[in-house]
Structure formats: C-alpha cells, structure tokens
Amino acid sequence: MKLVFATNNAHKLEEVANKLSGSIELFGLNDIGCNDEIEETGITFNENASIKSHHIWNKYHLNCFGDDSGLEIDALNGEPGVYSARYAGGHGNHAANMDKVLEKLKSETNRKARFRTVISLIWDGEEMFFEGTVEGTIRHERSGSGGFGYDPIFQPDGYTITFAEMTMEEKNAISHRAKAVEKLVAFLKDKQPTP
Ligand code: IMP
C-alpha cells in the first residue's frame, strides 16, 4: 500500500520509514512528482498539518499525512507555536529565533514549555490526528551543539541536559515527533494484512 508523507525532509521520511513495516511503502513529495509549495497558513498545528494532507489527498487521491511541530512557551501564551520556524522573521533562522525567546524570557521565572507535533492522516478519505508532546523548561542560555531549532535552550523534564546535548537516539526516544509518529505507526499496523 502506498502512503505519502507531505514533506521533502529526508530525515523525517527516514524516521517514519524505519518504523513502518510490512506492506506500506512510504513516499515523499519529490517521489510522487509534487513540487508544489504548500503554504502553512493555519493558526494551529492541526490546521497546518491538515492543509498539507488535504493538498495531497485532493490532488492525487492517495493515502497521505502531513505534520506540523513547534515550541509552546507558557509565559508567552503559547508563542512561538505555529510561528516557531519564523519567529524572528526569516524562515529557519534558528539563532535569531532563540535570541528572541531568551530576550522575551529575560526576567521571567516561569520557564515552562513544550514541543508539540501534530500529524494529520487521511486514510481512505477520512482524516485522523495523532499528537505527541514533550514537556520541559527553557534554559537561560544555550547549551549543546546537536539537534536543530530550539534544541540548545530546551531541557526536557527529568533531565539535566538540553535536547542539543543528547544523542539523536536519546532525543528520538522521548521527542514530541517520535511520540506522534509512534501513534501513527500503531494505527497503520492494523491496516496491514497479517503475514
Ligand atoms: P516542523 O513543523 O517540524 O518543520 O517544525 C517547525 C519549527 O519548530 C522548526 O523549524 C523548529 O524551529 C521548531 N521545532 C520543531 N521540532 C523541533 C525540535 O525537535 N527541536 C527544536 N526545534 C524544533
């Protein structure tokens, strides 16, 4: 069975493909010849994930899913949220995004935050959502050089190190994305014929 992940991010595709087994074959946007710029115009993670999955379903009528993730900081009323990638302006300027967060939280004692991932799956025309979160706190300074995005300033609860100080395996064992993907994969397992 064919399943399209509405992304061109090779790491995300690999993470899901590694967890899928059996008869489901995963394709990215490039693999199906889709070069469309799918704009994330939603104001919630669900909306953005849904925009991506509906784009593929409406155009190709293939089972598919889209995802959207970001950081929610309690003291900033959930910011940067869906604007995580472009919080400081330009898309994907992680250094400037972190500077903006640290500046806004300069004299804030409530450092509670979480990463959230939402996946919108359209299976046989029916939409379903899968969600994963990881709770933590925002450090006062960056620490670590691994990962991407806000990893150097995010310390997951129960740890004394940031995401950027973890190995990829450690982060993937507890991350928001991994939790959402696990739920998706658990759902898809039932869709595969037993060997
Ligand atoms: P995306 O929807 O997975 O592309 O994530 C959007 C943005 O949220 C990224 O550009 C990052 O700024 C932030 N983000 C999402 N997941 C992570 C993560 O695991 N670590 C750090 N930042 C993340």
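Quick note: structure is the one above.
In this text, all values refer to a predicted model and were calculated from it rather than measured experimentally.

Cut-off values and rules
Residues numbered from 1 in each chain as written. Predicted model: local features only at pLDDT ≥ 70, side-chain atom pairs only at ≥ 80, totals over all residues. Heavy atoms only, no water. Near = heavy atom within 4 Å. Polar contact = N/O pair within 3.5 Å; in protein donor to acceptor, adjacent residues only side chain to side chain. Areas by Shrake-Rupley, 256 points an atom, 1.4 Å probe, with all protein chains shown as cover. Helix = DSSP H or I, 4+ residues; strand = E, 2+ residues; numbered from the N terminus. Nonpolar A, V, L, I, M, F, W, Y, C, P; charged D, E, K, R; others polar. Pairing = 2+ DSSP bridges. Axes fitted to C-alpha atoms, helices over the stretch in contact; angles between N-to-C directions. Parallel < 35°, antiparallel > 145°, perpendicular 65-115°, else oblique. Left-handed = near helix turned anticlockwise from the far one by under 90°. Contact = heavy atoms within 4.5 Å. Buried < 20%, exposed > 50% of the residue type's maximum accessible area, 1.4 Å probe, protein only.

(A) Spatial organisation of the site of the ligand. Near the ligand lie 15 residues; those nearest to it are Lys12, Ser69, Asp151, Lys171 and His176. Separating an oxygen atom of the ligand from a side-chain N or O atom of Lys12 is a distance of 2.9 Å. For the ligand, a nitrogen atom lies 3.2 Å from a polar atom in the backbone of Tyr150. Computed on the free molecule, the ligand has an accessible area of 480 Å², of which 89% lies beneath the protein chains in the complex. Tallying contributions element by element places strand E3 (residues 64-73) first for the shell around the ligand, with three residues. Each residue belonging to the shell around the ligand can be placed in one class, and the counts come to four nonpolar, six polar and five charged.

(B) Seen up close, the sheet that holds strand E5 (residues 126-138). Ordered in space as E2-E1-E3-E4-E5-E6, the six strands form an open sheet in which the pairing is mixed. One side of each edge strand has no neighbouring strand; the edge strands of this open sheet are strand E2 (25-27) and strand E6 (154-156). With direction set aside, neighbouring strand axes in the sheet form an average angle of 35°. Pairing of E5 with E6, which is carried by three bridges, proceeds in the antiparallel orientation.

(C) Molecular detail of the packing of helix H1 (residues 10-19) against helix H5 (residues 176-189). Look at H1 against H5: their axes get within 10 Å of each other, and the N-to-C directions meet at 40°. By the angle between their axes, H1 is oblique relative to H5. The interaxial crossing formed by H1 with H5 has right-handed handedness. On the side of H1, the interface is formed by Lys12, Glu15, Val16 and Lys19, while H5 contributes Arg177, Ala178, Val181, Glu182 and Val185. Class assignment for the residues of the contact of H1 with H5 results in four nonpolar, no polar and five charged.

(D) A look at the environment of Ala178. Position of Ala178 relative to the elements: it lies in helix H5. For the pair Ala178 and Arg111, spaced 67 residues apart in sequence, the C-alpha to C-alpha distance is 23 Å. Once residues within four sequence positions are removed from consideration, Ala178 is found in contact with Glu15, Lys19 and Asn172.

(E) Summary view of the environment of Met168. Here Met168 shows up in helix H4 (residues 168-174). With a relative accessible area of 59%, Met168 lands in the exposed category. A C-alpha to C-alpha distance of 7.2 Å links Met168 and Gly147, two positions 21 residues apart in sequence.

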